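Observations on the model geometry
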Amino acid sequence: MTAQTVVAPARRQRGFNLEKWGWIFMRASGIVLVVLIFGHLFINLMVGEGIHALDFAFIAGKFATPFWQWWDVLMLWLALIHGANGMRTIVNDYVTTEKARKALVWALGLAAGLLILLGTLVVFTFDPCLGVQPDSVLWTECAALVGN
């Protein structure tokens, strides 16, 4: 009978572990997203007149307050980063070629970054009176806003 030698596992390097922090982010952002999304749906669909109140004026009114701007931007950022991180995990699991994996992860990052940038700009630069003509229904409300 011979004894087998057991090799000790390799020592793990200390430092920043992207996979660990990605895993933690997915759990934390998922919980926060559930609260943000259900709050968003409750306010938009249940409070007041419900779905019948959803129109351009309702959205313009929400985007006029910093609270709702930040609520929507936080929801946008978390959803896009959460989704891109999930797609990154799928790419890492199923794409075998190193070059293709790097290209896809970079494409995911660029797409998520571009959408985050554009969405944030839309929320914070939203102007309900942009392009309103004098013959429009919104003309009187916009004229009252700017003081004309």
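Just above sits the structure.
Summary of the structure given here. (Residues numbered from 1 in each chain as written. Predicted model: local features only at pLDDT ≥ 70, side-chain atom pairs only at ≥ 80, totals over all residues. Heavy atoms only, no water.)

Let's talk about the packing of helix α1 (residues 18–45) against helix α3 (residues 66–94)
Relative orientation of the contacting elements α1 and α3 amounts to 140°, with a least axis distance of 9 Å. Here α1 is positioned oblique relative to α3, judged by the angle of their axes. Handedness of the α1/α3 crossing: left-handed. Considered class by class, the residues forming the contact of α1 with α3 number 16 nonpolar, 9 polar and 3 charged. (Axes fitted to C-alpha atoms, helices over the stretch in contact; angles between N-to-C directions. Helix = DSSP H or I, 4+ residues; strand = E, 2+ residues; numbered from the N terminus. Parallel < 35°, antiparallel > 145°, perpendicular 65-115°, else oblique. Left-handed = near helix turned anticlockwise from the far one by under 90°. Nonpolar A, V, L, I, M, F, W, Y, C, P; charged D, E, K, R; others polar.)

Let's talk about a nonpolar patch on the surface
Taken together, Val34, Ile37, Phe38, Leu41, Phe42, Leu45, Met46, Val47, Ile51, Leu54 and Ile59 make up a surface patch of nonpolar side chains, about 980 Å² in accessible area. The element that contributes the greatest number of residues to the nonpolar patch is α1, accounting for 6 residues. Along the chain, the position of methionine 46 falls in the loop between α1 and α2 (56–62). (Patch = residues over 30% accessible without salt bridge, like charges linked within 9 Å, V, L, I, M, F, W, Y side chains within 5 Å. Areas by Shrake-Rupley, 256 points an atom, 1.4 Å probe, with all protein chains shown as cover. Salt bridge = Lys/Arg side-chain N within 4 Å of Asp/Glu carboxyl O.)

Considerations on the pattern of salt bridges
Enumeration over the complete set of coordinates arrives at 2 salt bridges. With a closest N to O distance of 2.8 Å, arginine 88 and glutamate 19 form a salt bridge. In this pair, arginine 88 is assigned in helix α3 and glutamate 19 in helix α1, connecting sequence segments 69 residues apart. Exposure remark for arginine 88: the relative accessible area of 13% places this residue in the buried category. (Buried < 20%, exposed > 50% of the residue type's maximum accessible area, 1.4 Å probe, protein only.)

Quick look at helix α4 (residues 98–124)
The terminal C-alpha atoms of α4 lie 39 Å apart, and with 27 residues this matches the ideal 39 Å at 1.5 Å per residue to within 8%. Among all positions in α4, only Arg101, Ala112, Ile116, Gly119, Thr120 and Val123 are buried. On its buried side, α4 packs onto α3. (Expected span 1.5 Å × (residues − 1). Contact = heavy atoms within 4.5 Å.)

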